[in-house]
Each structure stands twice: as structure tokens, then as C-alpha cells.
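Coordinate inspection notes
The lines below spell out each chain.
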Amino acid sequence: MSQGKRRSRGGIPSSADDVAGNGLLNRRALLGGGLAFASAASAATVTGAAAEPLKDAPWSLETGAVTPVLQTPSRFEKNVVRTLSNPNNEMRTSHARTPHHLLDGTVTPNSLHFTINHSGIPDIDPAQHKLVIHGMVKQPLVFTLDTLSRYPLVTRMAFLECGGNSGAMFSNEPVQATAQGLHGLVSNAEWTGVPLSILLDEAGVDRSAKWLIAEGADSLALHRSVPVKKAYEDALVAIYQNGERLMPGNGYPMRLLLPGYQGNMNVKFLRRIKVVNEPAMSYYEARTYSQILPGGKAYRFHFLQEVKSFITNPSFGQALKGPGYYGISGIAYSGNGRIAKVMVSADGGTSWAEAALQEPVLPKAFTRFRMPWRWDGQPVVLQSRASDDAGNTQPTRAEFVAVRGQTKKPVASANAFPNQHYNGPTSWGVASDGSIKHVYA
Amino acid sequence: MSMRNVLIATAAAVLALGAAYAAETPNLGQPIAEADVAAWDIAALPSGVGLPVGSGNAVEGAKVYAAKCAACHGDEGKGGPIVRAPLFGGPPLTEGIDVRKTIGNFWGHATTLFDFTRRAMPFNQPRTLTADEIYATTAYLLYLNKIIGENDVIDAKTLPQVKMPNRDNFIIRFPDKI
């Protein structure tokens, strides 16, 4: 990776502000002006006639609409919705993907947070819901939403990512889909809840026990084994999501939150925690979320969602409207901690420049990265690679495939899950007409 | 012991626990006897912990399967209108990272099969099968996968001893996190 390496195309000298090939600009251009920004701005070509004279629009000349009790987005934003894999609630899993290519910032609105429900969404009366902690404890205890709400609560940002997110990236040919289609099974929210360690201590957990079985109140009674170690690190029983009670599809009225760990382990509709001394080998951990490796062995207990990033803007489904200045931005996150650095390339990984990271950079949460860019109208390949503060860097796709493999035939749909835990890069190929394709680079 | 004395004793135990384990925390949990958790305590672990009394074999299981499972999974586990993938077979895992995972080619523990059937099946009528029906269905699916014989009896003692073909092919990805 050659940071700051300049490249010119066709003998045209690169600008003094270029920090990597194909027009990536110094990120200081984003940090409040100075020469770099002035220069970058002036370098963009202003085209076309002057703007029309301004006048009042109809909506500025009449009283507006009634104020609703619950706000919904503007009618002009109707395309900003989740995509559904099972809209008719047939007897199979339902996935709803977050539209990353239509969002910015770091917080996923609750209405757009991804959900996966394996047997529909249970209609739980919070007044009757119970959470029991039992097994290898001195005294089994039952908690209600009311009693948990009286505990000293903790608030933190955390991303949640399905272990199968980005599954289509295992295809041997790039699947043409948006960032929503490819990576829509990750979202980021502010979660508020009770540290699980407090509840375990109150029950008097036998500290020789290594495992918890966490189980939901859904019709499958979905259960996962969780190391006691994680419970004492940072696990929460979450009861608020972005300031309001959990969305039904996200586990109302309470869910387990294991920051940085595979989504399915963050058991929703949490009703039972049993302290045990062996893992349950549940269907979802022993079968669904165990990954076949090249050669025929398989990973088990792939707890961590490892360091990852992808560009959301520009990306597939959008089109550039001619040469000039564009802000590249995307999402980076790591289950190991904070994002330390995101590198961006516009020439398919030949040269790289460091992106600006939007503060605050929080552990196990989305970090928004931004990179100023002046497109010269020629074909380019945009790509990002993130590093975390634990010293991990996203592998290149070639490095990833060398260890984890890829399919022998192209994957037919972004909804397919040929394998799991892809954390290589995503590349967007911009053609000279401004159209964008998903490519491998 | 009278009910009142039980309550006093329980309260005293909880107070003692609070002092020993969580002097500064709210202690708002309501004590419950382990026996009263039984209806929810349905996880069957690889060691056999959690398996109920009962038994069944594949011959009996074929009847339960035809009545309760075939509508979705098809006759004799061959795949049906709702779940198209057969419940047995599957290519060797060496054929690709995306091969279909089955009981025979992938599952490491027979207890997983009992557990998932017990908690989640039939999909639209979960937790309606008797222990004998679950043992018999488990035996039938193990038989279809050529792991046990048609008349082998599956119960709390024999189920954990079933050696699944793929049992030893797993790598714990993050052992330091356990």
C-alpha cells in the first residue's frame, strides 16, 4: 500500500493537492478550509449558466400540514426503505436490509435498522414478559421490564451485524447490488440497558461456569451459547434503542447486546439465561453460523465481527453527474474496538490516501469516513480498507479468498448466503458515463 | 415449613446473597425455585444434560414424521413444498464452501437434532411433540442419514453417544474468547 503516491493519467500532471491516484484529495480539505480546500474547490470546473432568479414556492405561501404524534419521513423519501427477503411471511426466515446507500452519518434510524426474524415477530406484552436467570447460580431470579427499568442503566453506541452479512461477496463473480443489498445486514444504534454482569452477580453465578445459554421468547425459542467472559466484559440486557423502547423486530421488550459479536448471538425477546458448563451446540451455532472452509473443515464459535468498511457514497445504484468534485464517504467498524484508520483508493488499490474519520470514533460502533475527490471523468475503481486499534486491517479480497474461499459458480442473488463473515473490501467501478458497477479489485 | 416461613427463609437467603455478591446493586429479581423454571428449561446439551425421560426408534419415528413433518419437509425427508432441501445426504464438505449442510455431512452433535425438533418443530406448532415423539423423530432422521440402524433405540442415554460423521471437523475460531 503506497500512501500518498501520486499518479498521473495520460501525461496530465496531477494537482498539488492530490494525495493518491485518480484525484483523491488531501483530507485536510474537509477539516475547515485552508489552502488545500480553496485549491480543491477552485480546481472543480463550474459549468452551465447562472442560477434562475429566486421566488417563493407554493409551500412557502400556505399554512403547512398538521403535526403528527409520530413523525415519519417526507413523502419525497419513500424510496428510503428496507428491502425484504420474505414480504409475505412464509414459513422461513425474514431479512430486512438497511439502505446504507441512502443514509449518512452513523446512527441507523430505528425504522431502518436491519432485522432478521426466523419465525416472524412475536407480539409480546411487556407487562407479562419475564427474564429468568438460572442454572449454576445460588438463587434463580426472575426480572421484568419494570424491574430492569429501575436499575442504573448504561448507554452506548454499538453496531450489530449478522454473521451472514455480505454473504454475496463470496461469489466468484461480483453480484450487482447496492450497498443495501450486499451489506444491509449491519446497522448501528445507541443502546441502553442493564449490564448483564450485575444481574448474574445478583443471582450468584458460579464463576467456574464458562457458558451461558441465552434464549428468546419467539416461537423457535432461539438460543445461543455465550461465553461468561463476554457477559463480564460489556454485555447488556438492552431495553432502549436510540432512546425509545426496542423495535419489535429488534427484540422488544428486551434483548441481549454483545457489542462486536455476531448478530444472532444478541438474542432477542430475551426470556432465559441459563448458566452452564458446556456450550449448547444449538442449531444456530452448530449448524447455521458455522462456516465451511476450503478443504472441508468448518469454523465454530466465530464470535467476532471483524474490522470492515465499505463506501456508501458513491456506490452501486447511484450515478455521477459529470466530472468534478465529489465527497466519498462510507462506514467502518470493528468488533475488536475502535477504527484507527481508513484508507481509500480510487485506482483499485494501486495507491491509497487516508480518509478523515468523523468524531467521535467509538469502540464497536460505526465510524463515518470521508474523502474529498475530484473525478476527471475517466473510469476509476473506488475501494476502502479499514484498520482497528487492536492492530487488525481488512484483508484484500485476494487475501480473504485465499483463506476463506469463494464459490465455484456465480451467486445468483444478493439474498444468498454461500458463506459468512466476509470482511474483505468492496470495490465500485465508476465508468466514464458516471454509472457504477460492483467490481472485484 | 409454613408458607410464611418459606418466604422469610427465601428473603433471608436473598439478603445474604445481596451482601455476598452485590452489596451495591438493586437486587430487584424475584426468587424462583429451579423446579419452577422447568417448562422453559428445554435445552438439550451434548453431554445429555436436559434430555427428558422417553425413547423411540426410526420405525416409530417414520410414523411421527409422516404425520407431523412431511407436509413441509416432504415424504421420507426428501424435501417438500415448504422446505425443499432434503433432510439427509449432501455433498462432501470438501466440494465447496457453499455446499448444503445436512445432519449427515455437517452436524457435530445428535443432541442438536433433538433440541431443535423439541423447541422449534413443527414450525407452526412448536413444543407440541411428546418426548417419545421427539426421540422417535430424531432416530428416524439419524437413520435416514445412515448414522444409526432402523431399530436402534434413542433415549437420554444413547443419544449423546451417537457419533456424528462430521464431529471432529470443527475449528473453534476464537478460543481465547471462551
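Residue numbers restart at each chain and count upward from 1, following the sequence in its written direction. Labels follow written order: the first chain is A, the first ligand is 1, and so on. The predicted nature of this model means local features are confined to residues of pLDDT at least 70 and side-chain atom pairs, given and counted, to a pLDDT of 80 or more, with totals for whole chains, interfaces and linings taken over all residues. Values shown for side chains rest on all heavy atoms present in the structure; no hydrogens or waters enter the calculation.

**As for the overall build of chain B**
The condition is simple: Working definition: helices are DSSP H or I runs of at least four residues, strands are E runs of at least two. Numbering for both runs from the N terminus. Only protein chains enter the calculation, and the probe is 1.4 Å; a residue is then buried if its accessible area is under 20% of its type maximum, exposed if over 50%, and partly exposed in between. Contact criterion: two residues are considered in contact whenever any of their non-hydrogen atoms come within 4.5 Å of each other. Throughout, the Shrake-Rupley method with a 1.4 Å probe supplies accessible areas, and for residues the shown protein chains are the sole cover considered.
In terms of regular secondary structure, chain B is built from five helices and four strands. Counting all 178 residues of chain B, 42% fall into the buried class. Looking at chain B alone, contacts between residues at least 24 apart form 56% of all its contacts between residues at least 6 apart. When the accessible area of chain B is evaluated, it comes to approximately 9,000 Å², of which 57% is carbon and sulfur surface.

**Side note on the environment of Asp146(A)**
Residues and elements named next belong to chain A. Along the polypeptide, Asp-146 turns up in helix H2 (residues 145-149). On the basis of relative accessible area, Asp-146 is assigned to the exposed category, the value being 63%. Measuring from C-alpha to C-alpha, the distance between Asp-146 and Trp-352 comes to 52 Å, with 206 residues separating the pair along the chain.

**Regarding the packing of aromatic side chains**
Filter applied, for reference: Pairing of aromatic side chains requires ring centres within 6.5 Å, counting the rings of Phe and Tyr and the six-membered ring of Trp. Pairs whose planes differ by under 30 degrees are stacked, by over 60 edge-to-face, and all others tilted.
Under the criterion given, the structure shown has 20 aromatic pairs over all chains. Seen in terms of ring centroids, Trp211(A) and Phe301(A) are 5.0 Å apart; in terms of plane orientation they differ by 40°. Their pairing is tilted. Of the two residues, Trp211(A) sits in strand E11 (residues 211-216) while Phe301(A) sits in the loop between strand E18 (298-300) and strand E19 (308-313), which places them 90 residues apart along the sequence. According to the relative accessible area criterion, Trp211(A) is buried, its value standing at 5%. Centre to centre, the rings of Tyr283(A) and Trp107(B) are 5.6 Å apart; their planes meet at 70°, and the pair counts as edge-to-face. One end of the pair, Tyr283(A), is in helix H6 (residues 283-288); the other, Trp107(B), is in the loop between helix H3 (70-73) and helix H4 (110-120), on a second chain. Of the two residues examined, Tyr283(A) and Trp107(B), each falls in the buried class.

**Focus on the domain arrangement of chain A**
Residues and elements named next belong to chain A. For clarity, the cut-off: Domain segmentation is taken from an automatic or database assignment of domains. Buried area counts how much accessible surface, traced with a 1.4 Å probe, disappears from two parts once they are put together, with both parts' losses summed. For salt bridges, the criterion is a side-chain nitrogen of Lys or Arg within 4 Å of an Asp or Glu carboxyl oxygen. We call two N or O atoms a polar contact when they sit within 3.5 Å, provided that within protein one can donate a hydrogen and the other can accept it, with sequence-adjacent residues counted only if both atoms are side-chain atoms. Each residue gets one of three labels, nonpolar for Ala, Val, Leu, Ile, Met, Phe, Trp, Tyr, Cys and Pro, charged for Asp, Glu, Lys and Arg, and polar for the others, Gly among them.
Considered domain by domain, chain A is made up of domain 1 (117-299) and domain 2 (308-439). For domain 1 versus domain 2, the distance between C-alpha centres works out to 28 Å. Approximately 3,400 Å² of surface area, both sides summed, lies buried where domain 1 meets domain 2, with 61% of it carried by carbon and sulfur atoms. At the junction of domain 1 and domain 2, the tally comes to two salt bridges. Among the ionic pairs, Lys-308 bridges to Glu-161, the shortest N-O distance being 2.8 Å. One can count 21 residue pairs in polar contact (both at pLDDT 80 or more) joining domain 1 with domain 2. Elements supplying a minimum of two residues to the side of domain 1 that touches domain 2: strand E9 (154-161), helix H3 (179-183), strand E10 (186-195) and strand E17 (291-292). The biggest single contributor to the side of domain 1 that touches domain 2 is E9, with five residues. Counted by class, the side of domain 1 that touches domain 2 contains 19 nonpolar, 18 polar and five charged residues.

**Focus: the sheet that holds strand E4 (residues 170-172) of chain B**
Rules: Pairing between strands is defined by DSSP: at least two bridges between the two strands are required.
What the three strands build is an open sheet, ordered E17(A)-E18(A)-E4(B); its pairing is mixed. Where the open sheet ends on each side, the last strands, each with one partner, are E17 of chain A together with E4 of chain B. Of the strand pairs in this sheet, E18(A) and E4(B) are connected by three bridges, and their pairing is parallel. Counterpart to Ala298(A) in the pairing with E4(B) is Phe170(B).

**Observations concerning the interface of chain A and chain B**
Taken together, the contact pairs 71 residues of chain A with 56 residues of chain B. Looking at the side of chain A facing chain B, the largest losses of area belong to Met91(A), Ile292(A) and Arg300(A), adding up to 13% of the total buried there. Across the contact surface, chain A and chain B share four salt bridges. For Asp41(B), the salt bridge identified is with Arg272(A), shortest N-O distance 2.9 Å. Viewed at the interface, chain B and chain A are joined by 29 residue pairs in polar contact (both at pLDDT 80 or more). Within the residue set of the side of chain A that touches chain B, elements represented by two or more residues are strand E7 (131-135), strand E8 (141-143), helix H4 (196-203), E11, strand E12 (223-227), strand E16 (270-276), H6 and E18 of chain A. Looking at which element gives the most residues to the side of chain A that touches chain B, the answer is H6(A), with five residues.

**Topic: the pattern of salt bridges**
This structure, assessed with the given rule, holds 21 salt bridges over all chains. Notably, a salt bridge pairs Arg271(A) with Glu215(A), separated by 3.7 Å at the nearest N-O pair. Of this pair, Arg271(A) sits in strand E16 while Glu215(A) is found in strand E11, placing the two residues 56 residues apart along the sequence. The class for Glu215(A) is buried, based on a relative accessible area of 0%. With a closest N to O distance of 2.7 Å, Arg119(B) and Asp115(B) form a salt bridge. Highlighted residues: Arg119(B) and Asp115(B), both in helix H4, separated by four residues, approximately one helical turn. Under the relative-accessibility criterion, Arg119(B) is labelled buried at 1%. Look at the salt bridges and you will find they share partners, linking Glu215(A), Arg271(A), Arg272(A), Lys274(A), Asp41(B), Asp115(B) and Arg119(B) into a network.

**Re the side chain of Lys364(A)**
All names here are of chain A. Assignment of secondary structure puts Lys-364 in the loop between strand E23 (356-357) and strand E24 (367-375). Within polar-contact distance, the side chain of Lys-364 engages the side chain of Asp-234 at 2.8 Å. If we ignore the near neighbours within four places in the chain, the residues touching Lys-364 are Arg-156, Met-157, Ala-158, Phe-159, Lys-230, Asp-234, Pro-259, Gly-260, Ser-334, Gly-335 and Gly-337.

**Some points on the pairing of strand E25 (residues 380-388) of chain A**
Residue and element names in this part refer to chain A. Within E25, eight of the nine residues are buried, which leaves the element mostly enclosed by the surrounding structure. In this sheet, strand E26 (residues 427-430) lies alongside E25 in antiparallel orientation, the contact comprising four bridges. Note on E26: the bridge partner recorded for Val-381 is Gly-429.

**As for the packing of H4(B) against helix H5 (residues 131-144) of chain B**
All names here are of chain B. Quick reminder of the rule: Angles here are taken between N-to-C directions and fall from 0 to 180 degrees, while the axes themselves are lines fitted to C-alpha atoms, restricted in helices to the stretch in contact. Note that the term roughly parallel is reserved for angles under 35 degrees, roughly antiparallel for angles over 145, roughly perpendicular for angles of 65 to 115, and oblique for everything else. Should the near helix be turned counterclockwise from the far one by less than a right angle, the crossing is left-handed, whereas a clockwise turn marks it as right-handed.
In the contact formed by H4 and H5, the axes pass within 9 Å of each other and the chain directions differ by 130°. The orientation of H4 relative to H5 falls into the category oblique. Handedness of the H4/H5 crossing: right-handed. The residues of H5 that touch H4, namely those facing Ala-110, Leu-113, Phe-114, Thr-117 and Arg-118, are Ala-131, Ile-134, Tyr-135, Thr-137, Thr-138, Leu-141 and Leu-142. A per-class count over the contact of H4 with H5 returns eight nonpolar, three polar and one charged.

**A closer look at the confidence of the model for chain B**
For the record, the criterion: Per-residue confidence from the predictor is reported as pLDDT, which spans 0 to 100.
On average, chain B scores 91 in pLDDT, and the residues at 70 or more come to 87%. With pLDDT under 50 throughout, residues 14-22 of chain B is counted as low confidence; its partners more than four residues away or in other chains account for 14 contacts.

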